Amino acid sequence: MGLISTLLINLKANTASFEKGLGRSRKQLSAFEKKMAKLQKFGATMTKRFTLPIVAGLALATRAAAIQEEADIKLMSALKGVGDASKQTYNEMKKLASAIQKVTVYGDEMTQELMGVALNMGVNTSQMETAIKTAIGLSEAFGLDLNMAMRGTALAFQGQFTL
């Protein structure tokens with residue numbers, strides 16, 4: 001055997017070992033890719049089932065807080081408009097709104113909005129509980145819009161019984 005033949009045999013033998021190792025590497029890479037695909041699918045599932053609901057919940061909570069803050073500002077503004085913006089009166093109105101929320105389907109922010117309407121139409125704070133309950137009753141009994149029911153109630157408190 002000549003030198004060239006020996007080199008050729010060594011080269012083929014070394015190449016065979018290299019190709020064998022390359023084949024094992026391809027199999028390991030394929031297995032790794034399959035595991036990564038499963039991990040990616042798991043990540044997508046986690047996002048759908050956990051992350052997105054948490055983000056949505058936080059967005060709703062933020063929106064609810066903004067609505068509540070707006071209702072608080074409107075109530076204070078209405079109380080200022082009638083010259084009764086004391087902290088005590090404000091707290092009493094908030095407490096009444098919370099109590100009404102516990103026994104009706106209306107949130108305290110809606111009740112506070114109704115209080116603003118009532119105050120602006122001449123209902124005083126001592127009449128507020130009766131006015132709110134009356135408006136809710138009218139709304140439920142006759143299918144009226146709650147704000148319209150409050151306007152009718154406020155007018156009735158002033159002796160006007162037509163809308």
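Residues numbered from 1 in each chain as written. Predicted model: local features only at pLDDT ≥ 70, side-chain atom pairs only at ≥ 80, totals over all residues. Heavy atoms only, no water.

A short note on the overall build of the chain
Right, so step 1: Regarding its fold elements, the chain presents five helices and zero strands.
Right, so step 2: For the chain, the α and β elements follow one another from N to C terminus as α-α-α-α-α.
Right, so step 3: Of all 163 residues assigned to the chain, the portion counted as buried reaches 25%.
Right, so step 4: A separation of at least 24 residues holds for 50% of the contacts in the chain among residues at least 6 apart in sequence.
Right, so step 5: Carbon and sulfur atoms make up 61% of the accessible area of the chain, which totals about 11,600 Å². (Helix = DSSP H or I, 4+ residues; strand = E, 2+ residues; numbered from the N terminus. Buried < 20%, exposed > 50% of the residue type's maximum accessible area, 1.4 Å probe, protein only. Contact = heavy atoms within 4.5 Å. Areas by Shrake-Rupley, 256 points an atom, 1.4 Å probe, with all protein chains shown as cover.)

Here's the deal with helix 3 (residues 108-120)
Right, so step 1: The end-to-end C-alpha distance of helix 3 is 18 Å, a good match for the 18 Å that 13 residues give at a rise of 1.5 Å each.
Right, so step 2: The positive-phi residue at the C-terminal boundary of helix 3 is Gly122, with phi of around 100 degrees. (Expected span 1.5 Å × (residues − 1).)

Topic: the pattern of salt bridges
Right, so step 1: For the structure on display, the rule yields three salt bridges.
Right, so step 2: Lys74 is paired through a salt bridge with Glu70; the nearest N and O atoms lie 3.2 Å apart. Here Lys74 and its partner Glu70 are both found in helix 1 (residues 3-81), four residues apart, which amounts to about one turn of the helix.
Right, so step 3: Given the relative accessible area of 45%, Lys74 is considered partly exposed.
Right, so step 4: Exposure remark for Glu70: the relative accessible area of 41% places this residue in the partly exposed category. (Salt bridge = Lys/Arg side-chain N within 4 Å of Asp/Glu carboxyl O.)

Quick notes on the confidence of the model for the chain
Right, so step 1: Overall, the prediction assigns the chain a mean pLDDT of 85, with 89% of residues at 70 or greater.
Right, so step 2: At the low end of the mean pLDDT range in the chain sits helix 1, at 78; at the high end sits helix 4 (residues 128-142), at 95. (pLDDT = per-residue confidence, 0-100.)

Some words on the nonpolar core
Right, so step 1: In this structure, Leu75, Met115, Met128, Ile132 and Met150 are the most contacted members of the largest nonpolar core, which totals 25 residues.
Right, so step 2: Of all the secondary structure elements, the ones that give two or more residues to this core are helix 1, helix 2 (87-103), helix 3, helix 4 and helix 5 (146-157).
Right, so step 3: For Met128, the residues in contact, after removing those within four places along its chain, are Met93, Leu96, Met115, Ala118, Leu119 and Val123. (Core = buried A, V, L, I, M, F, W, Y, C linked by side-chain atoms within 4.5 Å.)

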